[in-house]
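Results of the structural survey
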Amino acid sequence: MMTIVLIWGCSGFLDERPNKEILIPTSEQDIRSLLDNDSELNLVPSFGLLSSDDLIMTDDGYASLRTEEEQNAYLWRENIWPANSGADWSRIYRIIFIANVVLEQAEKLPESEELSKMKAEAFFHRAHAHFMLAQVFSPHYEKGVNDQDLGIPLRMNSEILERSPRVALQTYYEAILKDLDQAFEFLPTFENIKTRPTQLAVRALQSRVLLTIGEYDLAEAAADWVISRPEVSLLNYESLNSDLNYPFVKYNEEVIFHSVLISHGYASVSNVQVWINPYIIESYQDGDLRKPLFTDLRPNGGYTFKGQYSGNFSRFGGLALDEIYYIKAECLARRNQIGDASSLMNQLLETRYAAGHFVSQEFGAGQELLEWILEEKRKSLVYRGINWIDLRRLNKDPDFQRVLVRQINGETVTLNPTSKKYVLPIPENELALNPISQTDRKD
């Protein structure tokens, strides 16, 4: 019987390396115990949200941040990480390590249907973690444009002492998509326990990945598969109680795969000095239920966020059906299917408004429709970290670029669309143990 103990420093993937010898599953039950540890596996990076324009903070809010790295990230400093920090790196690579242990040890056990399912779950977790890491620490991948540019290490085994070079972006993303293909075959379509991967989760993640790299036809097909399934459905926001501290229940019918952002002080529900960007607040129209369900007006005049699909104080960072509707609508608009894209958007948004308030929209031009889709997506998926992923990809298109601005203690800081600071640096303690080149963030 395995002893599930993970010796791991919080400061880096290779720092205080996990002791593989005391993390060896010897049975299916052991593997299931590893895979059901959602406090380890169901996490996504948090600094994309912190670096985005989903939020702003007052001078007091900035001063209240618990760590130097949070302050540095908020103001897009060239150097982010003090010594022995970088949970967004180490915690996500830990997921990859656990997935690799599962895959390797599963090969030593007798074949069974349940074991095949658990291997598929590990393939999903490895793909999900690699993709989410890349949205923070790797350059944006434009297929056919920067295929050979170097990204970050691709970890496909559990050999902790093995040096891990940066790999080409094309190689990195091909590995992600291959893992998802391998996962799909042996997973169930749906699980009531939504911390476990499913075929729905695979297709949802595929649609996100493919949209991000500009494979719009394939992203649309994956999104369409998800939307067509009866196991998930859109919430009717009018049936929810906005007076509750957390109006959305955990594992609600829109949730496809549950994960949460790594906890940092800036995102604490008790921090009333970190606000939703006023631009987003002002964009909600009369009768738009996203405003009362997502926000709390604080005595200091700012709105804080409460609308996470986690059902509690944790910030939801998983996969949900509303995001998939936006992905499909964007893909339809990009191939000039104006009527279909408008109809899909109207179907979604009608569930976000009080009865009688939503007016169906019609568009004559694809560009105007695309702008509307992206604007509504930003308003719906606020505080999930998705805005940062979209900023990185949309900044490649002059029609959708925007400059981000911070004002703290009399200092105005801007992040231009072409800035190298859209890629966070690798923690220095990781570089000391795995000598690879540091990310260039000098504009």
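Just above, that's the structure.
Not measured: the values here are computed from a predicted model.

So, about the overall build of the protein. Check the secondary structure of the protein and you find 17 helices and twelve strands. Taking 2.2 N^0.38 as the reference for a compact globule, 443 residues should give roughly 22 Å; the C-alpha atoms of the protein span a radius of gyration of 21 Å, in line with that estimate. Counting only C-alpha atoms, the protein reaches 60 × 50 × 45 Å along its principal axes. Taking all 443 residues of the protein together, 60% fall into the buried category.

Position of Phe313 relative to the elements: it lies in the loop between β9 (303–305) and β10 (319–320). Residues Phe313 and Ser270, spaced 43 residues apart in sequence, show a C-alpha to C-alpha distance of 9.2 Å. Look past the residues within four positions of Phe313 in its chain and what remains in contact with it is Tyr246, Val269 and Gln308.

Tallying each qualifying case throughout the model produces 20 aromatic pairs. Judged by centre distance (6.0 Å) and plane angle (50°), the rings of Phe248 and Phe294 are tilted. Of the two residues, Phe248 sits in the loop between α10 (216–228) and β5 (255–257) while Phe294 sits in helix α12 (residues 290–294), which places them 46 residues apart along the sequence. Its relative accessible area of 1% is what places Phe248 among the buried residues. Taking the relative accessible area as the measure of exposure, Phe294 reaches 1% and is therefore buried. Here a set of aromatic residues connected by ring pairs shows up, and it is made of Tyr237, Phe248, Phe294, Phe305, Tyr309, Phe316 and Tyr383. Geometry around Phe184 places Arg203 over its ring, the cationic atom sitting 3.7 Å from the centre. Above the face of the Tyr309 ring, Arg384 is positioned so that its terminal group lies 4.5 Å from the ring centre.

What follows concerns the nonpolar core. Residues Met57, Phe124, Tyr172, Tyr173, Ile256 and Ile324 are the most contacted members of the largest nonpolar core, which totals 142 residues. Of the residues forming this core, the biggest block, 14 residues, is contributed by helix α7 (residues 113–137). Dropping the residues within four chain positions of it, Tyr173 is found in contact with Phe131, Ala134, Gln135, Tyr141, Val209 and Ile213.

Packing of helix α9 (residues 199–212) against helix α13 (residues 321–334) leaves a shortest axis separation of 10 Å and a crossing angle of 45°. Taken together, the axes of α9 and α13 are oblique relative to one another. Where α9 crosses over α13, the handedness of that crossing is left-handed. Taking contact as the criterion, the partners of Ala204, Ser207, Arg208 and Leu211 in α9 are, on α13, Glu323, Ile324, Ile327, Glu330 and Cys331. For the contact of α9 with α13, the residue count by class is five nonpolar, one polar and three charged.

Here five bridges tie strand β11 (residues 404–408) to strand β12 (residues 411–415), and the two strands are oriented antiparallel to one another. If you follow Gln407 over to β12, its bridge partner there is Thr412. Following β11, the chain reverses through two residues before pairing antiparallel with β12; Asn409 in that reversal takes a positive phi of roughly 50°.

Considering the arrangement of structural elements, one finds Glu174 in helix α8 (residues 169–186). Taking the relative accessible area as the measure of exposure, Glu174 reaches 47% and is therefore partly exposed. In this structure, the C-alpha to C-alpha distance between Glu174 and Ala267, residues 93 residues apart in sequence, is 33 Å.

Below, the discussion takes up the pattern of salt bridges. Per the stated rule, a full pass over the model turns up 29 salt bridges. For the salt bridge of Asp53 with Arg402, the shortest nitrogen-to-oxygen distance reads 2.7 Å. Here Arg402 lies in the loop between α16 (386–394) and β11 and Asp53 lies in the loop between α3 (47–51) and β2 (55–57), a separation of 349 residues in the sequence. A relative accessible area of 9% places Asp53 in the buried class. Sharing partners across several salt bridges, the network here consists of Arg32, Asp36, Glu114, Lys117, Glu121, Glu191 and Arg196.

Another aspect to go through is α9. A rise of 1.5 Å per residue sets the reference length of α9, with its 14 residues, at 20 Å; its end C-alpha atoms lie 20 Å apart and thus fit the reference within 8%. Trailing α9 by a residue or two, Gly214 shows a phi angle of about 85°, which is positive.

Reading guide: rules and limits
Residues numbered from 1 in each chain as written. Predicted model: local features only at pLDDT ≥ 70, side-chain atom pairs only at ≥ 80, totals over all residues. Heavy atoms only, no water. Helix = DSSP H or I, 4+ residues; strand = E, 2+ residues; numbered from the N terminus. Rg over C-alpha atoms; globule rule 2.2 N^0.38 Å. Buried < 20%, exposed > 50% of the residue type's maximum accessible area, 1.4 Å probe, protein only. Contact = heavy atoms within 4.5 Å. Phe/Tyr/Trp six-rings, centres within 6.5 Å; stacked < 30°, edge-to-face > 60°. Lys NZ or Arg CZ within 6 Å of the ring centre and 35° of its normal. Core = buried A, V, L, I, M, F, W, Y, C linked by side-chain atoms within 4.5 Å. Axes fitted to C-alpha atoms, helices over the stretch in contact; angles between N-to-C directions. Parallel < 35°, antiparallel > 145°, perpendicular 65-115°, else oblique. Left-handed = near helix turned anticlockwise from the far one by under 90°. Nonpolar A, V, L, I, M, F, W, Y, C, P; charged D, E, K, R; others polar. Pairing = 2+ DSSP bridges. Salt bridge = Lys/Arg side-chain N within 4 Å of Asp/Glu carboxyl O. Expected span 1.5 Å × (residues − 1).

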